Structure formats: structure tokens, C-alpha cells
Amino acid sequence: MKKKTLSLMLMLALMLGLIIPANRAHAAEMPVTSVQLCVGAVYTLRPTGLVGTIKWTTSDNEVASVDATGMVVARSKGTAVIRAAVGSVSVSCTVNVKKKSKKLGSKYNPKIRPGSTKWFKFTYFMEGKEIGEFRIQIQKFVYGREAAAMAAAAGKNVNPVPTSTQQYLYFRIRMQYLSGTGTQTVKMSDVFDYNHNVFGSYGAVQLSPISWGYGFEAYQDMMSVNISPGNDITAGKAILVPNGFKPVTIRFQTGKNSYTWIKM
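Describe the overall build of the chain, naming the residues involved and giving the relevant values.
If you tally the helices and strands in the chain, you get 3 helices and 19 strands. Burial status across the chain gives 40% buried among its 264 residues. Sequence separation of at least 24 residues holds for 65% of the intrachain contacts in the chain that already meet a minimum separation of 6. Accessible surface computed for the chain: about 14700 Å², of which carbon and sulfur atoms make up 54%.

With reference to specific residues and values, describe the pattern of salt bridges.
In this structure the tally under the stated criterion is 3 salt bridges. The partner of aspartate 232 in a salt bridge is arginine 174, and the shortest N-O contact between them spans 2.7 Å. Highlighted residues: aspartate 232 in strand β17 (residues 232-242) and arginine 174 in strand β11 (residues 166-177), separated in sequence by 58 residues. Judged by relative accessible area, which is 39%, aspartate 232 ranks as partly exposed. We classify arginine 174 as partly exposed; its relative accessible area is 25%.

Residue-level account of the nonpolar core, with values.
Most often, soluble globular proteins have nonpolar side chains that are buried together. The biggest cluster of nonpolar side chains holds 53 residues, and the ones touching the most others in it are Val95, Phe134, Ile136, Phe171, Ile173, Met175 and Phe192. Once residues lying within four places of it in the same chain are set aside, the contact partners of phenylalanine 171 are Lys140, Phe141, Phe192, Tyr194, Val198, Met222, Ala235, Gly236, Lys237, Ile239 and Met264. Listed in part, the 9 residues of the second largest apolar core include Ala147, Met150, Tyr170 and Phe216.

How would you summarise the side chain of aspartate 221 if you had to cite specific residues and measurements?
Structurally, the position occupied by aspartate 221 is in strand β15 (residues 220-221). Among the polar contacts made by the side chain of aspartate 221, one reaches the main-chain amide nitrogen of methionine 223 at a distance of 3.0 Å. Engagement of the side chain of aspartate 221 in a polar contact is seen with the side chain of lysine 237, the distance being 3.1 Å. In this structure, aspartate 221 is in contact with Tyr214, Ala235, Gly236 and Lys237, ignoring residues within four places of it in sequence.

How would you summarise the sheet that holds strand β3 (residues 55-58) if you had to cite specific residues and measurements?
Judged by pairing direction, the sheet is mixed, and its 4 strands sit side by side in the order β1-β7-β6-β3 without closing on themselves. Looking along the sheet, the strands with just one partner apiece sit at the ends: β1 (34-38) and β3. Pairs of neighbouring strands in the sheet enclose a mean axial angle of 25°, with direction left out of account. Here β3 pairs with strand β6 (residues 78-86) via 4 bridges, running antiparallel. Bridged to lysine 55 within β6 is alanine 85.

With reference to specific residues and values, describe the side chain of glutamine 166.
Tracing the backbone shows glutamine 166 in strand β11. Contact partners of glutamine 166, with chain neighbours within four places excluded, come to Val161, Ile210, Leu240, Val241, Pro242 and Asn243.

Which residues make up unusual backbone geometry, and what values do they have?
Glycine aside, the phi torsion of most residues is negative, and most peptide linkages are trans. Of note, glutamate 127 is a non-glycine position whose phi angle comes to about 55°, a positive value. Topologically, glutamate 127 is positioned in the loop between β9 (120-126) and β10 (129-143). In this structure glutamate 127 comes out as exposed when scored by relative accessible area, which is 79%.

Provide a residue-level description of helix α2 (residues 144-154), including the pertinent values.
Owing to its 3.6 residues per turn, the α-helix aligns residues three or four sequence positions apart on the same side. Among the residues of α2, those classed as buried are Ala147, Met150 and Ala151. The arc that holds the buried residues of α2, viewed along the axis, is 100°, so those residues lie on one side. Facing away from the buried side of α2 by over 90 degrees, the exposed positions are Arg145, Ala152 and Ala153. Among the structural elements, β10 and β11 are those in contact with the buried residues of α2. Just downstream of α2, glycine 155 is the residue with a positive phi angle, here 110°.

Cut-offs applied
Residues numbered from 1 in each chain as written. Predicted model: local features only at pLDDT ≥ 70, side-chain atom pairs only at ≥ 80, totals over all residues. Heavy atoms only, no water. Helix = DSSP H or I, 4+ residues; strand = E, 2+ residues; numbered from the N terminus. Buried < 20%, exposed > 50% of the residue type's maximum accessible area, 1.4 Å probe, protein only. Contact = heavy atoms within 4.5 Å. Areas by Shrake-Rupley, 256 points an atom, 1.4 Å probe, with all protein chains shown as cover. Salt bridge = Lys/Arg side-chain N within 4 Å of Asp/Glu carboxyl O. Core = buried A, V, L, I, M, F, W, Y, C linked by side-chain atoms within 4.5 Å. Polar contact = N/O pair within 3.5 Å; in protein donor to acceptor, adjacent residues only side chain to side chain. Pairing = 2+ DSSP bridges. Axes fitted to C-alpha atoms, helices over the stretch in contact; angles between N-to-C directions. Arc of directions from axis to C-beta.

This is the structure in C-alpha cells:
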């Protein structure tokens with residue numbers, strides 16, 4: 001009886017296998033199906049599940065072009081559909097292209113980041129509430145091979161080893177909480193919010209940390225630092241993020257519902 005039941009179960013599994021794809025996990029997919037860019041922005045699409053040589057096409061080459069590697073260049077205002085295909089299997093992404101904003105510090109026209117000795121001064125808001133006046137120096141910012149080398153030099157026991165699809169970003173920040181403009185003690189990592197406010201080209205992609213690294217340099221970990229009015233603190237932070245997108249912008253909340261963007 002048991003053998004007969006087992007045979008029936010195997011036959012049923014085989015029949016279901018004919019109806020349901022055996023491995024849906026590898027179905028073709030475009031992880032990003034819609035993206036907004038400004039004129040001049042560059043963005044690389046990375047489809048998954050397509051086996052073979054991918055043929056890339058665009059519905060409007062004057063709005064957005066695409067090359068054989070999936071790199072999209074936003075050329076003029078409008079909408080274009082970028083398609084990746086292998087044989088009869090295809091996936092697509094809609095690209096909306098806008099003109100650059102003329103306002104300096106906006107998402108599409110970010111400020112140039114201050115150098116290692118220059119300051120960026122701003123009024124910081126948190127959850128709609130004005131906290132106070134701050135100044136920062138972005139003393140060091142590295143990613144890719146340079147950041148990986150720093151992580152390796154610190155040792156495997158300190159920092160997770162990036163896979164081929166991951167990269168480190170490392171920030172060393174000097175921050176001043178100007179006295180007389182606020183009373184609330186805040187976390188340094190709330191003001192310089194690397195967990196939510198690091199983006200790719202023109203704010204098109206938010207880089208979500210996979211993990212956190214420690215000990216790139218002999219500085220305090222930004223996440224563990226509280227800063228009060230009158231403090232002047234230098235701290236660092238390394239985060240592990242998906243590979244493939246050059247980090248370009250970081251935003252600071254400088255209004256109840258607005259941000260100032262800085263080009264890294």
C-alpha cells in the first residue's frame with residue numbers, strides 16, 4: 001500500500017512539473033522597472049534570469065539611449081522604454097527623463113561636496129522639527145577598490161568580505177553642532193544619514209546597506225556618537241551596499257519636507 005501511495009505521489013509531482021515551471025526563481029526579471037533621470041544622467045540596468053547574449057533596445061533613442069552593456073544615457077525630456085531580450089524572452093524598464101533643476105542643491109543640480117578642509121553649513125531638521133545649525137567636512141569618501149583595500153587591511157575579523165555583487169562605501173566626517181542654535185542632543189548618524197540618504201546618479205537609486213563595516217581608520221564609529229550643541233567630532237563609517245552603481249549624491253534634511261543634495 002505504501003509503495004502504491006508513493007508511486008501516485010511521484011506521478012502527481014511529475015504531472016505538476018509539466019504544468020508549473022520547475023524553477024520560477026530564475027524567471028527573467030528587471031529589478032528596476034521604472035526610473036527617473038535628468039538630462040545627462042547615466043544609469044546601468046541589470047536584468048536577471050536572461051541566459052545568453054542580451055539584445056538591448058530603446059523605444060526612443062532621442063530621449064534615452066542604451067548600449068550593449070545596459071548602460072542608459074538620459075538625453076532629452078520625455079519617456080522611453082528600455083528593453084532587454086534574449087530570443088522571445090524580454091524584460092523592460094520605463095525611463096522618465098526630466099530637465100535639470102536650476103536650483104543649486106536640488107536633486108538634479110546637487111552642490112559639489114566640500115573638500116577635506118571646507119565646510120557645508122546647514123540647518124538640520126528631523127521629523128519636521130528644526131534641530132539646529134550644523135557644519136560638516138567630508139574629509140574622506142572612498143568606494144569600490146579603494147574601500148575594499150581599506151577593509152582588507154583592517155582584517156577579515158573586523159569587516160565582512162564583499163562578494164562580487166557588493167562594495168564598500170566609507171565616509172570620514174567632521175561635524176560641528178554650532179552652539180546657541182539648538183538644545184537637543186542627536187545621533188551623528190541621524191544628521192549624516194548614510195542608512196537612508198545615499199543615492200546613485202541624480203538620486204535615481206537609493207543605496208540600501210547590506211551590512212556595516214568597522215575599523216577602516218582609527219576614528220569613532222559614527223553610529224555610536226551622540227553630538228550636542230558646541231561639540232566638534234570626527235567619526236567614520238563603512239557600509240556594504242550592492243555593487244554596480246557609482247554613489248554620486250547624499251541628501252541632508254534641511255527643511256520640514258525638503259533636502260539639500262550634495263554630489264560626492
